[in-house]
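Coordinate analysis (summary)
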Amino acid sequence: MTLAAVRPLGRAGLSRTLLTAVAFCSLLGCPHRPTTPTHAELATVGGQQDALALCDALEALIAERHDTLADREYAYEVVRRHDEDTAATQFARAAVTGRLVQRKGLLAANLVAEIERAARRSRELDPTFRDGAATRLLGTLYVIAPAALLEHGDSEQGLALLEELTAARPDVPENHLRLAEAYIALGDASPAGPHLCFCLAHQTALRADDRILLGQLVAQAGRVPCAVATVCMR
């Protein structure tokens, strides 16, 4: 989860704007509107009462850039009703909620704390679930989201989580991608270089949308210290 939709404002301006949005919703109320997904397969999966399966189905659409706002809203409405205290269900709730925030930006700023709580709980229950997926999500959230919207972490802790996960599982390309993204988001592109190089060498293991992100990060980082600097976009 990059939360790229809200990043261009900068951390200080973003914090103020998000807090204004949260206060607006608190005072006036943010009405709930039931949605129907654009892609009918999400309703089929959601009807099976499997939060993780629904999360995976949504992620498959996002990876190929086929998803819609209605898809993300529908998935959130379903997973928020799941209260199973398992690493899988809590991760699904964090991931789907994160995708909604990513798409709606300021209008869903009040959901950031919900992402944090679910990701932390998934990590507590099973930190090894899907190669540390909750740690990856939580670390990225702590780096990107304004600290004022979080209950526990901050960018320093987020970076530490991503560094520790990458050191523990250096074989997972997505770990390197999220860590490089974190360094660049925090304005320090130099240590991102080796991680971008690893991703470039293993880009076929990345999802289509992550390969696009990789290309963007390489461009932002400037010159990377490796011979292979071509990004396969598909």
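Residues numbered from 1 in each chain as written. Predicted model: local features only at pLDDT ≥ 70, side-chain atom pairs only at ≥ 80, totals over all residues. Heavy atoms only, no water.

A short note on the overall build of the chain
A count of helical and extended segments in the chain gives 11 helices and 0 strands. Along the chain, helices (α) and strands (β) appear in the sequence α-α-α-α-α-α-α-α-α-α-α when read from the amino end. Within the span of the chain, comprising 234 residues, buried residues form 51% of the whole. Restricting to contacts in the chain with at least 6 residues of sequence separation, those with at least 24 account for 65%. A total of about 11000 Å² of accessible surface is found on the chain, and carbon and sulfur atoms cover 54% of it. (Helix = DSSP H or I, 4+ residues; strand = E, 2+ residues; numbered from the N terminus. Buried < 20%, exposed > 50% of the residue type's maximum accessible area, 1.4 Å probe, protein only. Contact = heavy atoms within 4.5 Å. Areas by Shrake-Rupley, 256 points an atom, 1.4 Å probe, with all protein chains shown as cover.)

Overview of the state of the cysteines
Two cysteines joined by a covalent bond between their sulfur atoms form a disulfide. Under the defined criterion, the tally for this structure stands at 1 disulfide. Each sulfur in the disulfide pair Cys197 and Cys226 lies 2.2 Å from the other. For the disulfide bridge between Cys197 and Cys226, the dihedral angle about the S-S bond is near -90 degrees, and by the sign convention the bridge is left-handed. Taken together, the residues Cys197 in helix 10 (residues 193-201) and Cys226 in the segment after helix 11 (208-221) connect sequence positions 29 residues apart. Of the cysteine sulfurs around Cys199, a residue in no disulfide, the closest is that of Cys197, at 9.3 Å. Among the residues examined, Cys199 registers a relative accessible area of 0% and is labelled buried. (Disulfide = S-S within 2.5 Å.)

Considering the nonpolar core
Soluble globular proteins: nonpolar side chains tend toward being buried together. By size, the foremost hydrophobic cluster in this structure holds 41 residues, and its most contacted members are Leu42, Leu54, Phe91, Val96, Val112 and Leu137. Elements that contribute at least two residues to this core include exactly helix 2 (40-47), helix 3 (51-63), helix 4 (69-79), helix 5 (87-104), helix 6 (112-125) and helix 7 (133-144). Look past the residues within four positions of Val112 in its chain and what remains in contact with it is Val101, Leu141, Ala145, Leu149 and Leu150. Ranked by size, the runner-up nonpolar core spans 21 residues in total, among them Ala180, Ala192, Leu214 and Val218. (Core = buried A, V, L, I, M, F, W, Y, C linked by side-chain atoms within 4.5 Å.)

A closer look at the pattern of salt bridges
Considering all chains together, one arrives at 17 salt bridges under this definition. Between Glu174 and Arg178 there is a salt bridge, and its shortest N-O distance comes to 3.4 Å. With Glu174 and Arg178 both in helix 9 (residues 173-185) and 4 residues apart, this pair spans about one turn of that helix. A relative accessible area of 26% means that Glu174 is categorised as partly exposed. Salt-bridge contacts for Arg207 lead to Asp209; the nearest nitrogen and oxygen are separated by 2.6 Å. Arg207 gets classed as partly exposed once you look at its relative accessible area, which sits at 29%. Each of Arg136, Glu174, Arg178, Glu181 and Asp210 takes part in one network of salt bridges that share partners. (Salt bridge = Lys/Arg side-chain N within 4 Å of Asp/Glu carboxyl O.)

Comments concerning the environment of Ala192
Relative to the assigned elements, Ala192 resides in the loop between helix 9 and helix 10. In the structure, Ala192 is positioned 14 residues away from Arg178 in sequence and 9.7 Å away in space, judged by C-alpha atoms. Residues contacting Ala192, with those up to four places away along its chain left out, are Ala180, Tyr183 and Ile184.

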